[in-house]
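Structural features, examined
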Amino acid sequence: MSSEGRSARASAWVVRIAYSAVFVLNVTCALQFIFAPASFAGAYQLSGAAGEAAVRGIGVTFLMWNATYPLFVARPCRHMALGAVVLVQQAIGFAGETAILLTLPPAGFDVLASSMLRFIAFDAAGLVVMGVAYAWLVIDGRSRRCV
């Protein structure tokens, strides 16, 4: 195999690994929110049946958000647009969570703010990791056969 072919293959595998890692963590979190919402409701300063329902709803939303990952991971070169959609979704999550954090009153919401900061940090890291991998794939795809 030529060095161009190896580079294209490597970039496709780096994308698969990066996107898969974020996907697995997102789905793990989603399933925990759905099946053990009481364990997480307090982190959002929620309680009771309503709090558990809200946390389950967040879990379902996470699953919906991740529906685009598997097809892109399976065939990144064939489904480049899906990779871009995932990056946009990640950026929206990061921006939205940051906006929510910034609207919290300065006092009385330390637990919620801490929870929001964890999501912001995860989404920022995921955006960087997936963005770098995607950029490599795009650069390789311009000059080489993407495999």
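Whatever comes next refers back to the structure up there.
A few points on the structure. Note that this is a predicted model, so its numbers are computed, not measured.

Criteria and cut-off values
- Along each chain, numbering runs from 1 in the same order as the chain's sequence is written.
- Local features in this predicted model are restricted to residues whose pLDDT is 70 or higher, and side-chain atom pairs enter the listing and the counts only when it is 80 or higher, whereas totals over whole chains, interfaces and linings include all residues.
- In computing side-chain properties, one takes all heavy atoms of the structure into account and sets aside hydrogens as well as water.
- In the cavity and pocket records, a cavity denotes points on a 1 Å grid over the protein atoms alone where a 1.4 Å probe fits but cannot get out, a pocket denotes an open set with protein on both sides within 12 Å along at least 5 of 7 lines, and lining residues are residues with an atom within 4 Å of a point.
- Grid points are joined across faces, edges and corners, and a volume is the space filled by probe spheres set on the points.
- Segments assigned H or I by DSSP are reported as helices when at least four residues long, segments assigned E as strands when at least two residues long, and all are numbered from the N terminus.
- Amino acids outside the nonpolar list (Ala, Val, Leu, Ile, Met, Phe, Trp, Tyr, Cys, Pro) and the charged list (Asp, Glu, Lys, Arg) are all regarded as polar, and Gly is one of them.
- Here, expected helix span is obtained from the residue count minus one, scaled by 1.5 Å.
- Note on classification: 1.4 Å probe, protein chains only; a residue is buried when its accessible area is under 20% of the maximum for its type, exposed when over 50%, partly exposed between these limits.
- To be clear, the arc concerns the directions from the helix axis to the C-beta atoms.
- As used here, the term nonpolar core means buried Ala, Val, Leu, Ile, Met, Phe, Trp, Tyr and Cys residues forming a set that is joined through side-chain atoms within 4.5 Å.
- When checking whether two residues touch, look at their non-hydrogen atoms; a contact exists if any pair is within 4.5 Å.
- Any pair of nitrogen or oxygen atoms within 3.5 Å is treated as a polar contact; in protein, a donor-acceptor pairing is required on top of that, and neighbouring residues in sequence qualify only through side-chain atoms on both sides.

The subject of this paragraph is the layout of surface pockets. Size it by volume and the largest pocket reaches roughly 260 Å³. Within the residue set of the lining of the largest pocket, elements represented by two or more residues are α1 (3-35), α3 (48-65) and α6 (110-143). Its residues assigned to classes, the lining of the largest pocket comprises 10 nonpolar, three polar and three charged. Taken as a whole, the second largest pocket holds about 220 Å³ of empty space. Those elements that place two or more of their residues in the lining of the second largest pocket are α3, α5 (80-103) and α6. With five residues, α5 is the largest single contributor of residues to the lining of the second largest pocket. Along the lines of polarity and charge, the residues of the lining of the second largest pocket split into nine nonpolar, three polar and one charged.

What follows deals with α3. Compared with an ideal rise of 1.5 Å per residue, which puts 18 residues at 26 Å, α3 spans 26 Å between its outermost C-alpha atoms and is within 8% of the ideal. Restricting attention to buried positions, one finds in α3 the residues G51, V55, G59, F62 and W65. Seen from one end, α3 has its buried residues packed into an arc of 125 degrees, which puts them on one side. In α3, the exposed positions angled more than 90 degrees off the buried face are occupied by A49, A50 and M64.

With that out of the way, let us pick up the nonpolar core. Counting 15 residues, the largest nonpolar core has F33, Y44, F62, L101 and F119 as the members making the most contacts within it. Going through the elements one at a time, α1, α3 and α6 are the ones with two or more residues in this core. Broken down by element, the residue count for this core peaks at five residues, all from α6. Those residues in contact with F119 that sit more than four places away from it in its chain are C29, F33, Y44, F62 and E97. Ranked by size, the runner-up nonpolar core spans 14 residues in total, among them A12, A18, F72 and V73.

What follows deals with the environment of V73. Along the chain, V73 falls in helix α4 (residues 69-74). For V73, a relative accessible area of 17% corresponds to the buried category. Taking the C-alpha atoms as reference points, V73 and A12, 61 residues apart in sequence, are found 8.8 Å from one another. The residues touching V73, leaving out its near neighbours within four places in the chain, are R16, Y19 and S20.

The next thing to look at is the side chain of T68. Within the fold, T68 resides in the loop between α3 and α4. Engagement of the side chain of T68 in a polar contact is seen with the side chain of Q89, the distance being 3.2 Å. The residues contacting T68, other than those within four sequence positions of it, are L82, V85, V86 and Q89.

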